[in-house]
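Below, each chain spelled out in residue letters.
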Amino acid sequence: MSRVIVVTSGKGGVGKTTTSANISTALALRGYKVAVIDFDVGLRNLDLIMGVERRVVYDFVHVIHGEATLKQALIRDKRVENLYILPASQTRDKDALHEAGVEKVIEELKADGFDFIICDSPAGIETGALMALRFADDAFVVTNPEVSSVRDSDRILGILQAKSKKGETGQRINEYLVVTRYNPNRVDAGEMLSYQDIIELLAVKFLGAVPEGQEVLSSSNAGMPVVLNAPESNASLAYGDIVARYLGEDVPQRFLTAEKKGLFARLFS
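Residues numbered from 1 in each chain as written. Predicted model: local features only at pLDDT ≥ 70, side-chain atom pairs only at ≥ 80, totals over all residues. Heavy atoms only, no water.

### Points about the sheet that holds strand β2 (residues 34-38)
Quick reminder of the rule: Strand pairing is assigned whenever DSSP detects at least two bridges linking the two strands. In this description a helix means any DSSP run of H or I spanning at least four residues, a strand means any run of E spanning at least two, and both kinds are numbered starting from the N terminus. We call two residues in contact whenever any of their non-hydrogen atoms come within 4.5 Å of each other. To obtain each axis, a line is fitted to C-alpha atoms, and for helices this fit is confined to the stretch in contact; angles are then taken between N-to-C directions over 0 to 180 degrees.
Here we have eight strands laid out as an open sheet, ordered β3-β4-β2-β5-β1-β6-β7-β8, and mixed in their pairing. Sheet topology places β3 (75-76) and β8 (205-211) at the edges, where each strand pairs with a single neighbour. Both strand β1 (residues 3-8) and strand β6 (residues 138-143) contribute to a ladder of four bridges, which runs parallel. Of the residues in β6, the one forming a bridge with I5 is D138. The strands touched by helix α7 (residues 147-163) within the sheet are β1, β6 and β7 (174-182), with β6 carrying the most contacts at an inclination of about 165°. Most of the contacts of helix α10 (residues 195-202) go to β7, to which it runs at about 150°, and overall it touches β6, β7 and β8.

This is how it looks when you write it as structure tokens:
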């Protein structure tokens, strides 16, 4: 049975698209058939992070408006079997998305045997974001460990249940928390919220934290998710753990506490 996952947040710049790219890739590496859709019409960043920007001919809006078929617009990843990308339009307005068209695309993907359909949402609560969450079964709420980001995530949690089709029929979207750019040393120094504080504020099931690091940015600039570009990095391992926990595996949390320095490190730091 297909699952529709929206990757969302209230605030921009927290790592939603990076998370969408890595979650979809990690699921495909496990053998699942995965489609990831860019709902950020007008900006279109997912194709850059996935390294397929030169292969875009048709996009999500073309399919919705009957100007191309879904098969024409879907881009198959050359590095990971069973991973497909549906890019957003760079030239249209977000109002080009409409509910009937989005539903038709999602239903067609389900009929084509996709196990997971990842909806990469733009920030905020405008049309693209509302369309991304409309048909979701599960939501990955992405936040940074800072007050403004967590506050905006709290707002989006209420919108998820109020504006989704499931919410309107008395059901609930399963909500999961992903914290990005986490640095335990800065938490200990009082410069960031701790993951415990964020969990307490949002009251959402915690899937894990992705540690702050250069590998994520370098991988995005190289047009490759970090789970492919730097598979042994802490960020890659964190995304792998997040996917495992989402799938129900009992995986211990890591990257949440600062490493204790040895005697020589303390003396010469």
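### A closer look at helix α5 (residues 99-111)
Selection criterion: To estimate how far a helix should extend, the number of its residues minus one is multiplied by 1.5 Å. Type-normalised accessible area, obtained with a 1.4 Å probe on protein chains alone, sets the label of each residue: buried when under 20%, exposed when over 50%, and partly exposed for intermediate values. The directions from the helix axis to the C-beta atoms are what the arc is built from.
Taking 1.5 Å of rise per residue, the 13 residues of α5 would be expected to cover 18 Å, and the 18 Å separating its terminal C-alpha atoms lies within 8% of that figure. Residues of α5 that are buried include every one of G101, V102, V105, I106 and L109, and no others. One side of α5 carries all its buried residues, which in axial view fall inside an arc of 130°. What points out from α5, more than 90 degrees from its buried face, is the exposed set A100, K104 and A111. G113 sits one or two positions beyond α5 and adopts a positive phi of about 90°.

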